[in-house]
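# Chain and residue survey
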Amino acid sequence: MTEQAENTKRIAKNTLMLYVRMLFGMLVSLYTSRVVLQALGVEDYGIYNVVGGVVTMFSMISNSLSASVSRFLTFELGKGNMEGVKRVFSTSLSIQVALAFIVIVLSESIGLWFLNTHMSIPENRLYAANWVFHASVFTFVINLLSVPFCASIVSHEQMSAFAYIGILDVVLRLFIVLFIAYSGLVFDRLIVYALLLVGVVCIMQAIYWSYCTWNFEECKLRLKFDTNYWKEMSSFAGWNFIGGSASLLKDQGVNILLNLFLGPIVNAARGISNTVNNVLASFANNFMTALNPQITKSYAAGDYTYMFSLVERGSRFSYYILLLFALPMLFEANFVLTLWLKHYPAHTINFVRLILIVTMCDVLSNTLINLKASTGKVRNYQLAVGGTLLMNFPLSYFCLKMGFPPESTYVVAFLVAVSCLLLRLLFLRDIIGFSMRRYLYKVCGNVLAVTLIAAIIPLILYLQMSDGIIRFFLICILTTLCSLMAIYFVGCNKNERVFIQEKILLIKRKILKNIMIIVKINFIGLLLD
């Protein structure tokens, strides 16, 4: 019980550190996105969004291996096997070097050919698009080599490092945006923007490498190859390749389809909606980043009761966190976008609302994905779930080919997300006895009830009032109050409500204590005067 309390405390502390980083990054990101859109223009912004996506198509390899490295490092740490941790890290680093070479060859041949012959890019901007492509390839290779180091930080649960380094990353990117927008120098802004971002990536990865080498014993630079771990990691990563490629086809693949059918302006609208979604989703993702290592370690230690509890609570509370910020955006997307960007491409409002709905469904699967990865049994799972995810691409192609609006791609994504959630539950039930019925009732039914209750009163106000700043503030206040009330009375069980009450009481006592100290100090000061 004491150990679980300590784990809960660590999760809370790590989540807090990640939120400090996220809030700072969110404020800067919202500002820089607006400035970048204005500085580059809608067309160049769309080109940057889609060209970077061509390179990201090749990152399915690194994403699969990244999940493999994180899983094996965390699993060995959970067993207390330090020698195994060293072997996993060294083996993964050797593999990444080989993969970096393969990615360069594929990107600079197939990727470059596709960019210049098939993508819808104005001829006068093709030269700049090629520069962006080369810069993106180099950036991707640097990030590929950094996978084992970043995985080590997550596995050791040193989230404060992510917070401080992440804040520095945001500051450097802010300086780049300000330079591009206000320097007054004459240059191709799209090319210079891409090259400066490469410089930032190099600086940040050098910091990650230095931090890990200094703090973690397994991160000493040595290229060793352990055949046994290579076989296990290759099998794990190979099957995860299906899911990784499916996720990328869902995002970047569909982005390219939109470019081929509708041009870069729609890519700009999708890029803006992705920015909004990434900012809001980060509230839930940071909580999951702090929670996931505990799920893997509890599985490695055989503590299934605690693990199942983490999975269910993690799904619910990550959804609640997202709901608090997504609900007002769903109602007031038009006002926020106008206030933020002033002018934005067509389809942006619908894109923002639809992508948030898809993300609210996806967030329920986060703990399930991590739990499934912890078991190491991923072959049949990836064939079924990854195969279903792959349907995003052909179904989206079919919709666009039939003349349906671009919003149809998000409808496809939502239906596929629901199907994948059910498949994940079926596999976990069969492999480790995870209760599908309990999850559907305790988690899915719970969050659906909370969402409906939280949305009723704000929806009535939204329909009765005209658009404007007064309605915006009222909607924000109402959605927050209604969401908190629904979460507390419907979303939380009795023990969770008691825990919240105790924390609120503790905070009150600390505030009153600090007030009394200040009053006493001021009173003594008056007496001395």
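Residues numbered from 1 in each chain as written. Predicted model: local features only at pLDDT ≥ 70, side-chain atom pairs only at ≥ 80, totals over all residues. Heavy atoms only, no water.

### A few points about the overall build of the protein
Of regular secondary structure, the protein possesses 18 helices and zero strands. Of all 529 residues assigned to the protein, the portion counted as buried reaches 50%. Considering only contacts in the protein between residues 6 or more positions apart, those separated by 24 or more positions represent 83%. Within the structure as shown, the protein displays about 24800 Å² of accessible surface, and the carbon and sulfur contribution to it stands at 68%. (Helix = DSSP H or I, 4+ residues; strand = E, 2+ residues; numbered from the N terminus. Buried < 20%, exposed > 50% of the residue type's maximum accessible area, 1.4 Å probe, protein only. Contact = heavy atoms within 4.5 Å. Areas by Shrake-Rupley, 256 points an atom, 1.4 Å probe, with all protein chains shown as cover.)

### Concerning the packing of helix α15 (residues 408-432) against helix α16 (residues 436-464)
Contact geometry of α15 with α16 gives a least axis separation of 9 Å together with a crossing angle of 135 degrees. On the basis of their axis angle, the class for α15 and α16 is oblique. Judged by residue contacts, L421, L422, L425, L426 and R429 of α15 engage M436, Y439, L440 and C444 from α16. Looking at the contact of α15 with α16 residue by residue, the classes come out as eight nonpolar, no polar and one charged. (Axes fitted to C-alpha atoms, helices over the stretch in contact; angles between N-to-C directions. Parallel < 35°, antiparallel > 145°, perpendicular 65-115°, else oblique. Nonpolar A, V, L, I, M, F, W, Y, C, P; charged D, E, K, R; others polar.)

### Topic: the environment of S318
Along the chain, S318 falls in helix α9 (residues 304-331). The spatial distance from the C-alpha of S318 to the C-alpha of A281 is 9.3 Å, given a sequence separation of 37 residues. Of note is the side chain of S318, whose polar atom sits 2.7 Å from the backbone oxygen of G314. In this structure the side chain of S318 is engaged in a polar contact, spanning 3.0 Å, whose partner is the backbone oxygen of S315. (Polar contact = N/O pair within 3.5 Å; in protein donor to acceptor, adjacent residues only side chain to side chain.)

### Concerning the nonpolar core
In this structure, V51, F434 and Y439 are the most contacted members of the largest nonpolar core, which totals 103 residues. Examining the composition of this core, we find that 13 residues originate from one element, α9, more than from any other. The contacts of V51, once residues within four sequence positions are left out, are L115, I121, A129, V132 and F133. (Core = buried A, V, L, I, M, F, W, Y, C linked by side-chain atoms within 4.5 Å.)

### A word on the side chain of E332
Along the chain, E332 falls in the loop between α9 and α10 (333-341). Residue classification places E332 among the buried positions, given a relative accessible area of 1%. The contacts of E332, once residues within four sequence positions are left out, are Y462, D467, R471, F472 and I475.

### Section: the environment of I500
Examined against the element boundaries, I500 turns out to sit in helix α18 (residues 494-528). Taking the relative accessible area as the measure of exposure, I500 reaches 25% and is therefore partly exposed. For the pair I500 and Y488, spaced 12 residues apart in sequence, the C-alpha separation works out to 8.7 Å. For I500, the contacting residues outside a window of four places in its chain are Y488 and C492.

### A closer look at the pattern of salt bridges
Under the defined criterion, the tally for this structure stands at eight salt bridges. In this structure, E496 engages R313 in a salt bridge whose closest nitrogen and oxygen atoms are separated by 3.2 Å. Of this pair, E496 sits in helix α18 while R313 is found in helix α9, placing the two residues 183 residues apart along the sequence. Of the residues examined, R313 reaches a relative accessible area of 36% and is grouped as partly exposed. Ionic contacts of the salt-bridge type, sharing partners, join the residues D44, R125 and D188 into one network. (Salt bridge = Lys/Arg side-chain N within 4 Å of Asp/Glu carboxyl O.)

### Points about helix α12 (residues 366-375)
Within α12, seven of the 10 residues are buried, which leaves the element mostly enclosed by the surrounding structure. Restricting attention to buried positions, one finds in α12 the residues T367, L368, N370, L371, K372, S374 and T375.

### Some remarks on the packing of aromatic side chains
Considering all chains together, one arrives at 12 aromatic pairs under this definition. With a centroid separation of 5.6 Å and an interplanar angle of 45 degrees, the aromatic rings of F331 and Y462 are classed as tilted. With F331 in helix α9 and Y462 in helix α16, this residue pair connects regions lying 131 residues apart in the sequence. Counting every residue linked through ring pairs, the aromatic cluster contains F308, F434 and Y439. (Phe/Tyr/Trp six-rings, centres within 6.5 Å; stacked < 30°, edge-to-face > 60°.)

### Side note on a nonpolar patch on the surface
Taken together, I357, V411, F414, L415, V418, L422 and L440 make up a surface patch of nonpolar side chains, about 530 Å² in accessible area. Broken down by element, the residue count for the nonpolar patch peaks at five residues, all from α15. (Patch = residues over 30% accessible without salt bridge, like charges linked within 9 Å, V, L, I, M, F, W, Y side chains within 5 Å.)

### A look at α16
Between its terminal C-alpha atoms α16 stretches 41 Å, which fits the 42 Å expected from 29 residues at 1.5 Å a residue. At I456, α16 is bent by approximately 35 degrees, the largest bend along its length, and proline P458 sits one to four residues beyond. Buried residues of α16: M436, Y439, V443, C444, N446, V447, V450, T451, A454, A455, P458 and L461, and no others. Buried-residue contacts for α16 involve α9, α12, α15 and α17 (469-491). In this structure S435 caps α16, since a side-chain oxygen of it lies 3.1 Å from the backbone nitrogen of R438. (Expected span 1.5 Å × (residues − 1). Bend = angle between axes of the 7 residues up to and from the residue.)

### Re unusual backbone geometry
We note that K342 has phi near 70 degrees; this positive angle belongs to a residue other than glycine. In this structure, K342 sits in the loop between α10 and α11 (348-362). You will see that H347, though not glycine, has its phi angle at about 80 degrees, which is positive. Its place among the elements puts H347 in the loop between α10 and α11. A relative accessible area of 31% means that H347 is categorised as partly exposed.

### Thoughts on the packing of α10 against α11
Two elements in contact, α10 and α11, have axes whose closest approach is 10 Å; the angle formed by their N-to-C orientations is 120 degrees. Relative to α11, the element α10 is oriented oblique. The interaxial crossing formed by α10 with α11 has right-handed handedness. When α10 is examined against α11, the residues A333, N334 and L337 are found in contact with a partner set consisting of T348, I349, V352 and R353. Looking at the contact of α10 with α11 residue by residue, the class counts come to four nonpolar, two polar and one charged. (Left-handed = near helix turned anticlockwise from the far one by under 90°.)

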